[in-house]
Amino acid sequence: MANKPVPRGDRRSSSRKAKFSGKKPVIPSRLQPTSSPEPQQSEDDLIYGRHSVLAALESDRQLNRIWITNRLHYDPRFHNLIQASKAKGAVIDEVSLQRLSQITNGANHQGVAAQVAPYTYHELDELITQAKANSDEPVIVIADGIADPHNLGAIIRTAEAMGCQGLIIPQRRAAGVTSTVSKVSAGALESFPVARVVNLSRALETLKAEGFWIYGTVAEGGKRLQDFDFRGAIGLVIGSEGSGLSLLTQRCCDELISIPLEGKTPSLNASVAAAINLYEIYRQRWSEKVHI
């Protein structure tokens, strides 16, 4: 049965009822800004802090947008780099400290933040080739399920400072490279290659096939750190914060290392353990050079 047409009078009354239904019509305001809103920032594309942004400006990493205070914009450390980034297409916004706090969700931005292109991970083969080209005795750190981005950032900062050639992280159940990692690494990430792999055990076997000796760090049950002679190419595996090295990863290691502890604390933070092990590796090598 066809719908019965609404009489013209009924249409007017319906329109009149809608007009006086109590709902306020939406009228565009002439005072609304015509510029497009800023894009929403995600954890993965926002870096902040002077060291992190300065390192990104000095590297070849693409910056899409930079928020900076007037005072820091004309700071000699930043001004020329900011202008060079602008020439490459970056949008430069001078903002207040309060606005920066909003953009970074209250983080310690130190007056500057930037939207970067997503981090580009290295291929494993590329990382190994580059490591062997840069050092006769390369050291690559492997993070087995580090979930805290602060720990991952601290490990990257220490590894780069000690002269390591790169980092390998698993793709699943682990922290990736985020703005927090970049901030904690204090700029080290811009000159430190990171490879992300699907299968960590297979990556360890690849390292061994390339001549690396794999050392796994465990809270207890391994040989004492100071009893090793760290020569040649090394892969140092750091376990996760809660459960340490997985059993499968332990089986892939050539040796297990433990740091002797004297106090009642049974274990160390993952990034602290990484720092102690890396320092011992390079202490031995520096001592050997001095002796020679």
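Preceding this paragraph is the structure being described.
Presented here is an overview of the structure given in this document. Nothing here was measured: the structure is a model prediction, and the numbers come from that model.

Further remarks concern the pattern of salt bridges. Applying the stated criterion across every chain, the model contains eight salt bridges. A salt bridge links Glu-205 to Lys-208, with the nearest nitrogen and oxygen atoms 3.5 Å apart. Of this pair, Glu-205 and Lys-208 are both found in helix α9 (residues 200-209), three residues apart, which corresponds to roughly one turn of the helix. With a relative accessible area of 39%, Glu-205 lands in the partly exposed category. On the basis of relative accessible area, Lys-208 is assigned to the partly exposed category, the value being 25%. Residues Arg-231 and Asp-229 are paired through a salt bridge, measuring 3.2 Å at the closest nitrogen-oxygen approach. For Arg-231, a relative accessible area of 52% corresponds to the exposed category. Looking at Asp-229, the relative accessible area reads 47%, which means it is partly exposed.

In a soluble, globular protein the nonpolar side chains are often hidden away together inside. Ranked by size, the top nonpolar core spans 35 residues in total, and within it Leu-152, Ile-156, Leu-167, Val-194 and Leu-278 carry the most contacts. The set of elements that each furnish at least two residues to this core consists of β5 (139-144), α7 (149-162), β6 (166-170), β10 (234-239) and α11 (270-291). Here this core takes six residues from α11, the largest share from any one element. The contacts of Ile-156, once residues within four sequence positions are left out, are Leu-167, Val-181, Ser-185, Ala-188, Leu-189, Phe-192 and Val-194. The next biggest cluster of nonpolar side chains, apart from the first, holds 21 residues, and it includes Ile-140, Ala-195, Leu-200 and Phe-212.

A few words on the sheet that holds β5. The strand order across the open sheet formed by seven strands is β7-β6-β5-β10-β8-β11-β9, and the pairing between neighbours is parallel. Each end of this open sheet is capped by a strand with a single partner; those strands are β7 (194-197) and β9 (223-224). Alignment of β5 against β10, held across six bridges, turns out to be parallel. Paired with Val-141 across the strands is Leu-236, a residue of β10. Helix α6 (residues 124-134) rests against β5, β6 and β7 of the sheet, and its axis sits at about 145° to β7.

Attention now moves to the state of the cysteines. Each disulfide consists of one covalent bond between the sulfur atoms belonging to two cysteines. Tallied over the entire structure, the rule returns zero disulfides. Cys-253 carries a free sulfur, and the closest cysteine sulfur to it, the one in Cys-252, is 7.0 Å from it.

In this section: the sheet that holds strand β1 (residues 46-48). Read across the sheet, four strands follow the order β1-β4-β2-β3 without closing on themselves; strand pairing throughout is mixed. Two strands bound the open sheet, and with one partner strand each, they are β1 and β3 (91-94). The sheet shows a mean angle of 15° between the axes of neighbouring strands, taken without regard to direction. The pairing of β1 with strand β4 (residues 112-116) spans three bridges and is classified as antiparallel. When the sheet's bridge partners are listed, Ile-47 is paired in β4 with Ala-114. Taken strand by strand, helix α2 (residues 50-58) contacts β1, β2 (63-68) and β4, and its axis lies near 115° from that of β1. Packed onto the sheet, helix α4 (residues 79-87) meets β2 and β3 and runs at close to 140° relative to β2.

Attention shifts here to the packing of α6 against α9. Packing of α6 against α9 leaves a shortest axis separation of 11 Å and a crossing angle of 30°. The crossing of α6 and α9 is right-handed. Here Leu-124, Asp-125 and Ile-128 of α6 come into contact with α9, specifically with Ala-203, Thr-206 and Leu-207. Considered class by class, the residues forming the contact of α6 with α9 number four nonpolar, one polar and one charged.

Analysis parameters
- Residues numbered from 1 in each chain as written.
- Predicted model: local features only at pLDDT ≥ 70, side-chain atom pairs only at ≥ 80, totals over all residues.
- Heavy atoms only, no water.
- Salt bridge = Lys/Arg side-chain N within 4 Å of Asp/Glu carboxyl O.
- Helix = DSSP H or I, 4+ residues; strand = E, 2+ residues; numbered from the N terminus.
- Buried < 20%, exposed > 50% of the residue type's maximum accessible area, 1.4 Å probe, protein only.
- Core = buried A, V, L, I, M, F, W, Y, C linked by side-chain atoms within 4.5 Å.
- Contact = heavy atoms within 4.5 Å.
- Pairing = 2+ DSSP bridges.
- Axes fitted to C-alpha atoms, helices over the stretch in contact; angles between N-to-C directions.
- Disulfide = S-S within 2.5 Å.
- Left-handed = near helix turned anticlockwise from the far one by under 90°.
- Nonpolar A, V, L, I, M, F, W, Y, C, P; charged D, E, K, R; others polar.

All we've got here are geometric facts, nothing functional implied.
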